[in-house]
Every structure is written in structure tokens, then in C-alpha cells.
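# Observations on the three-dimensional arrangement
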Amino acid sequence: LSSPDRLFRGMKVTGTGSDLKIPVGQNVLGRVMDLFGNTKDNIGPILEAKKTSIYSKAPSLNIVQSRYQILETGIKAIDFLTPIQRGGKVGFIGGAGVGKTILLTELMHNITGRAQSDATGKAQNVFSVFAGVGERIREGQELYQRLKQSGVLPKTVIILGQMNENAAVRFRVALAAVAQAEYFRDVLKSDVLFFIDNMYRYVQAGAEVATLLGTIPSEQAYQATLQTEVSTLEDRLIPTANGSITSFQNVYVPADEITD
């Protein structure tokens, strides 16, 4: 997963006895980290944070609890024409440079910036989790600065695995972000906004990993395990009795060919 530069023949290797874990909870709010929980915002390490595995099984469907409640985005065109259900999934589909990331930033600012009221009318905090998967490095920097200026950063966690990372890291960053969202939902019992930018890069990273491993490809050279990987990720992003995860997912369309 990390750079092999420091490896040498005869080097002593020690097994950790556990899978990949990242820090979660209140202490990671307002922070930027990579897949391994290393901070990227030059404020120092994350102290006294609980750690959880990035892998968890998709829960059984009988715990899904949808409230049929509209999530107000503050963007009139969306709220009026395509209202979003709390705990639902939304995809923003488009080519390069059309404003998908800007739209995500606007939603984070509008929804996380103000407390939402739940079904009983009681105000409650909404936390945001942003996963940068294989996107431009400057976009992560710009997002951080925007959220800091608007005062939304203290309710947000940003996990980045941008274009400069290898395929195995880019593929797992999405899973690490889902683990963060699950903790906020299940342990802190709050509503979560989950942003992934973007799903196409997640699929692309999975295909690269499969190619490196020499597995036999499926249709259009994608990995044979594509549907399982995507469905396992999506099935973890559900509303339960504890809280809801409303996910906004950018989908890059190569060469602006929307019919593809």
C-alpha cells in the first residue's frame, strides 16, 4: 500500500495481527487524513482517537429504516425539482470541469452549516464525511480552505487518496470514509452526509488493482469483481434506527459521453 522504496532484501517483517484501522469519532472532526490516519493539515497528529477497521460487512436489509423525510439542501433547483430523501443516495453525473465538486462543496456548506431538525422536530447536528478518491490534488486543498473560511470544517472529516496515490490506496480510501460515516451513525447516533468524489475513480482503481494482480478481466476490461465491490460499498451507506447516511456521489463521465 505504501512506497516500497525503503524495503530491502533480508529485511525483518512483523505482522500486525489486525487489518487496516483508522482513527474515528469526535477527535477527527475538522481534520484531513490519508488512508492510514496520518494527518495532512499540518496541525499535528490526531490524539486519543478510537480506531476502527475500514472493512465491515454490509448490514442486513432488515435494519434499514427510512424516514421519508426531505433533506433541505438550500439549493432551490434541487429542493423543488429533484428533492433528496434523508438517508437516500444521489449521483451527480457529468464530464470533467462541469462543477460536480463545487456542487458537493455547496451542499456541505448549506446542510452541515446549519443544524437539521429530525422527524420529531428536534434540532440535531449533521456531520459530513468527504472521500477524495483519485481526484485532483488541488481540489482537496481548495475544499479544505473553503470549509475553513465558511466555518463548516469543525463538523467535517476529509479523507484523501488523490491522483498521486497508487491504485490500492485510492481503492481503499472510499472504504475508510464509509467506516467514518458508520461510526458517526452507529455510535454517535447522528445523521451523516457522505460525499465521494468520485465513484468512477473508485471503479477505475479497482480495475487497476485487478490488472496488477493479473486477474482475468470482465466486460470492457473491468475487473470481474466490480459489481460485488460497488454493491458492498453502497450497502453500507444506509439509514438505520440510530441515524441516517445520505450519500452524494460524483460520477465522472469520460469524454463527456453521457450515453456511455
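Now for a look at the structure at hand. Since the model is a prediction, treat every value here as computed from it, not as a measurement. (Residues numbered from 1 in each chain as written. Predicted model: local features only at pLDDT ≥ 70, side-chain atom pairs only at ≥ 80, totals over all residues. Heavy atoms only, no water.)

### Here we look at helix H3 (residues 137-150)
- End to end, H3 covers 21 Å across 14 residues, agreeing with the expected 20 Å (1.5 Å per residue, within 8%).
- For H3, every residue scored as buried is listed here: Glu139, Gly140, Leu143, Tyr144 and Leu147. One face of H3 carries all of its buried residues, which in axial projection span an arc of 135°. Across from the buried face of H3, at angles greater than 90 degrees, the exposed residues are Ile137, Lys148 and Gln149.
- Its buried side turned inward, H3 meets strand E2 (32-33), helix H2 (100-112), strand E9 (126-133), strand E10 (156-161) and strand E11 (191-197).
- Within two residues after H3, Gly151 carries a phi angle of roughly 80°, on the positive side. (Helix = DSSP H or I, 4+ residues; strand = E, 2+ residues; numbered from the N terminus. Expected span 1.5 Å × (residues − 1). Buried < 20%, exposed > 50% of the residue type's maximum accessible area, 1.4 Å probe, protein only. Arc of directions from axis to C-beta. Contact = heavy atoms within 4.5 Å.)

### What about unusual backbone geometry?
- Look at the link from Asp197 to Asn198: it is a cis peptide, with omega at 5°.
- Counting through the fold element by element, Asn198 comes out in the loop between E11 and helix H5 (199-213).

### With respect to the side chain of Glu234
- Structurally, Glu234 is set in helix H6 (residues 226-236).
- Although buried, Glu234 forms no salt bridge, and the nearest oppositely charged side chain, Lys89, lies 4.4 Å from it.
- Those residues in contact with Glu234, other than ones at most four positions away along the chain, are Lys89, Met199 and Gln249. (Lys, Arg positive; Asp, Glu negative; His and termini not counted. Salt bridge = Lys/Arg side-chain N within 4 Å of Asp/Glu carboxyl O.)

### Quick notes on the packing of aromatic side chains
- A full pass over the atoms with the stated rule returns five aromatic pairs.
- Taken together, a centroid distance of 6.3 Å and an interplanar angle of 20° make the contact between Phe92 and Phe248 stacked. One end of the pair, Phe92, is in strand E6 (residues 89-94); the other, Phe248, is in strand E12 (residues 245-252), and 156 residues separate them in sequence. Residues Phe92 and Phe248 agree in their burial class; the two are buried. (Phe/Tyr/Trp six-rings, centres within 6.5 Å; stacked < 30°, edge-to-face > 60°.)

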